[in-house]
Amino acid sequence: MSKRTIALLVLAVVAAAALTVEVTYLVLDRFVLRDPNDPLTKAGGLSPAKDLKAKGK
């Protein structure tokens, strides 16, 4: 493989990873964190208002 092909492959992998992170964040934000009926939100898991320092973590 040429240097150009390797560079394009690396850029494609980095772009795919960034896109995966963004989509995962948006899905969690929309369907988990903002849903008051979700069990994770009720239990306090993944809540953005949760203070981790208060529990000694």
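Residues numbered from 1 in each chain as written. Predicted model: local features only at pLDDT ≥ 70, side-chain atom pairs only at ≥ 80, totals over all residues. Heavy atoms only, no water.

Student: What is the right way to look at the overall build of the protein in this model?
Tutor: Across its full length, the protein holds two helices and zero strands. Taken over 57 residues, the protein has a buried fraction of 5%. Surface accessibility of the protein: about 5200 Å² in total, with carbon and sulfur atoms responsible for 68%. (Helix = DSSP H or I, 4+ residues; strand = E, 2+ residues; numbered from the N terminus. Buried < 20%, exposed > 50% of the residue type's maximum accessible area, 1.4 Å probe, protein only. Areas by Shrake-Rupley, 256 points an atom, 1.4 Å probe, with all protein chains shown as cover.)

Student: So what exactly am I meant to see when it comes to a nonpolar patch on the surface here?
Tutor: Where nonpolar side chains cluster on the molecular surface, the patch consists of Met1, Ile6, Leu9, Val10, Val13 and Val14 and spans about 610 Å² of accessible area. One can find Val10 in helix α1 (residues 3-33). (Patch = residues over 30% accessible without salt bridge, like charges linked within 9 Å, V, L, I, M, F, W, Y side chains within 5 Å. Salt bridge = Lys/Arg side-chain N within 4 Å of Asp/Glu carboxyl O.)

The analysis is restricted to geometry; functional conclusions fall outside its scope.
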